[in-house]
Amino acid sequence: MGGISLRPHHLLCIQGFRGQGYSPSFVANMARLIDRLEADPEQNIQIVTSADDVCIACPHLDDGACVRPESKVDEIDGRVLERLGIADGERLTWFKLLQIIDEKVHSSQLDTICDGCRWVDLNYCIKGLEVLAQRLVTTTD
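Residues numbered from 1 in each chain as written. Predicted model: local features only at pLDDT ≥ 70, side-chain atom pairs only at ≥ 80, totals over all residues. Heavy atoms only, no water.

Peer 1: Quick question: what am I supposed to make of the confidence of the model for the chain here?
Peer 2: As a note on interpretation, predicted positions should not be read in detail where pLDDT is low. In this model, the chain carries an average pLDDT of 91, and 96% of its residues clear a pLDDT of 70 or more. The secondary structure element of the chain with the lowest average pLDDT is strand β4 (residues 65-66), at 82, and the one with the highest is strand β2 (residues 44-47), at 98. (pLDDT = per-residue confidence, 0-100. Helix = DSSP H or I, 4+ residues; strand = E, 2+ residues; numbered from the N terminus.)

Next comes the structure, spelled out in structure tokens:
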């Protein structure tokens, strides 16, 4: 399997994914990526602040850029990078990224970190962070 590229905000979106999205192809692509990540948590992930492996199936992608009206993805990416203490272009294993997310992102901060995201009000990401915390406790015990 080759490496995966992910935008910073997608690191959090993956935690809250519940099989919904912008189109059936987007949902199928996200589910495949999550399956790959879960199958091999030691694979390297490159952090990118442009179109990534999630975006490739998004109907709002045009010529490598998000064209969704009033999109806040760049702003959210910046806040996620800052919160996680990682940089554009950095490569980390998926497991290490999960540890960083668990350590540095608290559900009470999602309204601020993800301000402008239409999915944040569904609370999927809050629940996803809780599941992540439990999964990591089980993994490291």
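Peer 1: Would you explain unusual backbone geometry in this entry?
Peer 2: Residues apart from glycine generally show negative phi values, whereas peptide bonds are mostly found in trans. Residue Asp63 is not a glycine yet carries a positive backbone phi of 55°. Using a relative accessible area of 80% as the deciding quantity, one classes Asp63 as exposed. (Buried < 20%, exposed > 50% of the residue type's maximum accessible area, 1.4 Å probe, protein only.)

Peer 1: I'm lost on a negative patch on the surface in this one. Help?
Peer 2: A cluster of acidic residues, Glu75, Asp111, Asp115 and Asp121, forms a negative patch at the surface. As for its placement among the helices and strands, Glu75 is situated in helix α3 (residues 73-84). (Patch = residues over 30% accessible without salt bridge, like charges linked within 9 Å, V, L, I, M, F, W, Y side chains within 5 Å. Areas by Shrake-Rupley, 256 points an atom, 1.4 Å probe, with all protein chains shown as cover. Salt bridge = Lys/Arg side-chain N within 4 Å of Asp/Glu carboxyl O. Lys, Arg positive; Asp, Glu negative; His and termini not counted. Charge placed at Lys NZ, Arg CZ, Asp CG, Glu CD.)

Peer 1: What is the right way to look at the packing of helix α1 (residues 8-16) against α3 in this model?
Peer 2: Helix packing for two helices is described by the angle between their axes and how far apart those axes are. In the contact formed by α1 and α3, the axes pass within 7 Å of each other and the chain directions differ by 85°. For the element pair α1 / α3, the angle class is roughly perpendicular. Packed against α1, whose contacting residues are Pro8, His9, Leu11 and Leu12, the element α3 presents Val73, Ile76, Asp77, Val80, Leu81 and Leu84 at the interface. Residue composition of the contact of α1 with α3, grouped by class: eight nonpolar, one polar and one charged. (Axes fitted to C-alpha atoms, helices over the stretch in contact; angles between N-to-C directions. Parallel < 35°, antiparallel > 145°, perpendicular 65-115°, else oblique. Contact = heavy atoms within 4.5 Å. Nonpolar A, V, L, I, M, F, W, Y, C, P; charged D, E, K, R; others polar.)

Peer 1: So what exactly am I meant to see when it comes to helix α2 (residues 24-39) here?
Peer 2: Since the α-helix advances by 3.6 residues per turn, residues separated by three or four positions end up pointing in the same direction. An ideal rise of 1.5 Å per residue puts 22 Å on 16 residues; α2 measures up with 22 Å between its terminal C-alpha atoms. Every buried residue of α2 is accounted for by Phe26, Val27, Asn29, Met30, Leu33, Ile34 and Leu37. Within α2, the buried residues cover an arc of 165° as seen down the axis, which keeps them to one side. α2 presents Pro24, Asp35 and Ala39 as exposed residues on the side facing more than 90 degrees away from its buried surface. Here the buried face of α2 lies against β1 (4-6), α1, β2 and α4 (94-104). (Expected span 1.5 Å × (residues − 1). Arc of directions from axis to C-beta.)

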